[in-house]
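Structural features, examined
Chain by chain, the residues run as shown.
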Amino acid sequence: MEQIYNPYLPLTEYVPDGEPHVFEGRVYIYGSHDKSEGTAYCEQDYVTWSAPVDNLKDWRYEGVIYRKNQDPSNADGRMQLWAPDVTKGPDGRYYLYYCFSFYPEIGVAVSDSPAGPFEFYGHVKYPDNLHGGATLREYMPFDPAVLTDDDGRVYLYYGFAPACEKEMKFPEPGEEELAAMSPEQRAGYEKIRKIQFGENGMVAELEADMLTTKGEPHVSIPGGHHTEGTGFEGHGFFEASSIRKINGKYYFVYSSHKSHELCYAVSDRPDKGFAYGGIIVSNGDVGLNGRKAPVNVLGNNHGGIEKIGEDYYIFYHRQTNGTEFSRQGCAEKIQIMPDGSIAQVEITSCGLNGGPLKAGGIYPAAIACHITCPETMDFIDYNNPSVRRQTRIVQRQNQPYIAAVADGSVLGYKYFEGTGVSGILLEMRGAFKGKVLVSKDEEGKDLIGEKTVAVECKDWQVFQIPCDVSLSGCAVYFRFSGEGECEMKSFGFVN
């Protein structure tokens, strides 16, 4: 039985900031490219994966589509390619929009195929009669999103408004790095240092050349300190612009200043009149049904909506490895109501599967959608050493697993369907003595099994917890209590 779970790409792949687009009968994912145990955002070149619209369980690697040194502004490859977007232009070609490491410039590459490869095309610029046709550098050109409307008009969205609830530190280059910069690169770093808190989401219409603005960009979404009296209070624009036209209306998806949540705004126009709609997803389920405590480590978020077949989905990402530098793409089905509203959706392990996973066989522990422990924080602070000690997903020697499982750790998986489950299997290693409770709820009240275990091994060992249960769209949670610490590689069902 073919199945898929979150993350929807292989567990050793790290493509965050995922923008899904359906082109030529396939859905393509365009995102940045992290790596396992990364030490900076987006350290690798752009790749894309695709799947047929009628089978979201069959993802295909399309390879590297654009290298960071293809842009003349980054010929030495010093800067990282951050979140991109792609659109099919009026001429039928595919245009990739991207930015580098806070460098104030939006690059454009072009391809005849949605699968690439893309070739450098130019930088977004003003018309000759405005600023002398200079490259667009104002209002922080960052996280570009692009829409080719039904009438062939093209709109570019971008912006960055430093988060109010998350400590933002600009990575200061060292003396040697500064000395190696070109004058243009140095000017870019100097400019970003001077950016004030409280910027906004911006929009500009582009000419048919896909490079030249038709005029001065203007505010589309308020951010930072500009939200008072706008309806965006508490959920102002931070970053991660994404745009779609759905049922004749324009949906702007963005990361709010809370950083872990993707919100949306709606307008009848592509470039003005956006009204706050609500939260679509939080990578810690914060806000879902009034929840305040996160069900997973919080971190930045970026993604987009896409209609695939007859259904709509939100793509987002999660954090691993105790940093924001090893992020993985996830997705959930959403409902767009007759009035155009979107209710917040919960994060799950079954994601694009089209329903619950089978309660049978073995699953990677790293597909957990709930990972908490006593040190799980309800705010984002990756400078806090506890983030790198808490229960978390890691990858070592090409093997993903959950590390630092200890007293108070809770691992949850949603959802499963199946009858006649007579046992639960846990594959663990480490040094832990205590009890494991298996339940259908995160509080551990609806028990389906429990066992006292003694994990005393350097190599992976399988432990079986007896039970007698049938699961009907149920979650499965593992709650640990005891002494010591272990790691968990997989879990499974005995039928």
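Residues numbered from 1 in each chain as written. Predicted model: local features only at pLDDT ≥ 70, side-chain atom pairs only at ≥ 80, totals over all residues. Heavy atoms only, no water.

Quick look at the overall build of the chain
Selection criterion: Secondary structure elements follow DSSP: runs of H or I no shorter than four residues count as helices, runs of E no shorter than two count as strands, and numbering proceeds from the N terminus. Radius of gyration here uses only the C-alpha atoms, and the compact-globule reference equals 2.2 Å multiplied by the residue count raised to the power 0.38. Working definition: with a 1.4 Å probe on protein chains only, accessible area under 20% of the residue-type maximum means buried, over 50% means exposed, and in between means partly exposed. Should any heavy atoms of two residues lie within 4.5 Å, those residues are considered in contact. Using the Shrake-Rupley algorithm and a 1.4 Å probe, accessible areas are obtained, with residue cover drawn only from the displayed protein chains. Here the positive residues are Lys and Arg and the negative ones are Asp and Glu; neither His nor the chain ends is included. Where a charge lies is defined by one atom per residue type: Lys uses NZ, Arg uses CZ, Asp uses CG and Glu uses CD.
Along the chain, the regular secondary structure elements total two helices and 26 strands. For 495 residues, the compact-globule formula gives about 23 Å, and the C-alpha radius of gyration of the chain, at 23 Å, lands near that figure. Within the chain, the fraction of its 495 residues that count as buried is 60%. Counting only contacts in the chain whose residues sit at least 6 apart along the sequence, the fraction spanning at least 24 positions is 61%. As displayed, the chain offers around 19100 Å² of accessible surface, 47% of which is attributable to carbon and sulfur atoms. Averaging the coordinates of the 46 positive side-chain charges in the chain and doing the same for the 69 negative ones gives two points 3 Å apart.

Here's the deal with the nonpolar core
Looking at soluble globular proteins, one finds that nonpolar side chains tend to be buried together. Condition: Think of a nonpolar core as a cluster: buried Ala, Val, Leu, Ile, Met, Phe, Trp, Tyr and Cys residues, connected wherever their side-chain atoms sit within 4.5 Å.
Counting residues in hydrophobic clusters, the biggest one holds 40 residues, and the most contacted among them are Tyr413, Phe416, Phe478, Met488, Phe491 and Phe493. Looking at this core, the elements that each hand over two or more residues are β24 (399–406), β25 (410–439) and β26 (447–494). It is β26 that provides the largest number of residues to this core, a total of 17 residues. Once you skip the residues sitting within four places of it in the chain, Phe493 turns out to touch Lys358, Ala359, Gly360, Gly361, Tyr363, Phe416, Val421, Gly423, Ile424, Leu471 and Val476.

Some points on the confidence of the model for the chain
Selection rule: Every residue is assigned a pLDDT by the predictor, reflecting its confidence on a scale from 0 to 100.
Taken residue by residue, the chain gives an average pLDDT of 93. The fraction at 70 or more is 93%. Per-residue pLDDT stays below 50 along residues 167–171; that stretch engages in 12 contacts with residues further than four places along the chain or on separate chains.

Considering the pairing of strand β1 (residues 19–23)
Rules: By definition, two strands form a pair when at least two bridges between them are found by DSSP.
β1 sits mainly inside the fold: four of its five residues count as buried. Sheet analysis places β1 next to strand β2 (residues 26–30), joined by five bridges and oriented antiparallel. By the bridge assignment for β2, Phe23 is matched with Arg26. Count of turn residues in the β1/β2 antiparallel hairpin: two residues, of which Glu24 carries a positive phi of about 55°.

Describing the sheet that holds β1
Put simply, the test is: To define axes, lines are fitted to C-alpha atoms, for helices over the stretch in contact only, and angles between the resulting N-to-C directions are given on a 0 to 180 degree scale.
Read from one edge to the other, the open sheet built from four strands follows the order β1-β2-β3-β4, with strand pairing classed as antiparallel. Unpaired on one side and paired on the other, β1 and β4 (60–66) mark the two borders of the sheet. The average undirected angle you get between the axes of adjacent strands in this sheet is 30°. Looking at chain direction, strand β3 (residues 46–52) and β4 are connected through five bridges and run antiparallel. In the sheet register, Tyr46 faces β4, and the bridge partner there is Tyr66.

Thoughts on the sheet that holds strand β18 (residues 311–319)
Judged by pairing direction, the sheet is antiparallel, and its three strands sit side by side in the order β17-β18-β19 without closing on themselves. Two strands close off the open sheet at either side, each with one partner strand: β17 (305–308) and β19 (327–334). Here the average twist between neighbouring strands, direction ignored, is 35°. By the bridge criterion, four bridges tie β17 to β18 in an arrangement that is antiparallel. When the sheet's bridge partners are listed, Glu306 is paired in β18 with Tyr313.

Details of the packing of aromatic side chains
The description of an aromatic ring pair rests on the distance of the ring centres and on the angle between the ring planes. The line we're drawing: Pairing of aromatic side chains requires ring centres within 6.5 Å, counting the rings of Phe and Tyr and the six-membered ring of Trp. Pairs whose planes differ by under 30 degrees are stacked, by over 60 edge-to-face, and all others tilted.
Applying the stated criterion across every chain, the model contains 38 aromatic pairs. For the ring pair Trp49 and Tyr61, a centre distance of 5.1 Å and an interplane angle of 50° mean the geometry is tilted. One end of the pair, Trp49, is in strand β3; the other, Tyr61, is in strand β4, and 12 residues separate them in sequence. Residue class for Trp49 comes out buried when judged on its relative accessible area of 10%. Seen in terms of ring centroids, Phe232 and Tyr254 are 6.4 Å apart; in terms of plane orientation they differ by 50°. Their pairing is tilted. Of this pair, Phe232 sits in the loop between β12 (218–221) and β13 (237–246) while Tyr254 is found in strand β14 (residues 249–256), placing the two residues 22 residues apart along the sequence. On the accessibility criterion, Tyr254 (0% relative accessible area) is buried. Of the aromatic side chains, those joined through ring pairs into one cluster are Tyr5, Tyr363, Tyr413, Phe416, Phe478, Phe491 and Phe493.

Points about the environment of Asp71
Which entries qualify depends on this criterion: We call two N or O atoms a polar contact when they sit within 3.5 Å, provided that within protein one can donate a hydrogen and the other can accept it, with sequence-adjacent residues counted only if both atoms are side-chain atoms.
Mapped onto the elements, Asp71 comes out in the loop between β4 and β5 (85–88). A polar atom in the side chain of Asp71 sits 2.8 Å from the backbone nitrogen of Ser73. In this structure the side chain of Asp71 is engaged in a polar contact, spanning 2.6 Å, whose partner is the side chain of Tyr98.

Some words on unusual backbone geometry
The linkage connecting Asn6 with the following residue, Pro7, adopts the cis geometry, with an omega of -5°. When you line up the elements, Pro7 lands in the segment before β1. A cis amide bond, omega -5°, links Lys414 with the succeeding residue Tyr415. Relative to the helices and strands, Tyr415 is located in strand β25. At Glu24, a residue that is not glycine, the phi angle is positive and equals roughly 55°. Accessibility expressed as a relative area gives 59% for Glu24, which makes it exposed. The backbone of Asp143 shows a phi angle near 50°, a positive value even though the residue is not glycine.

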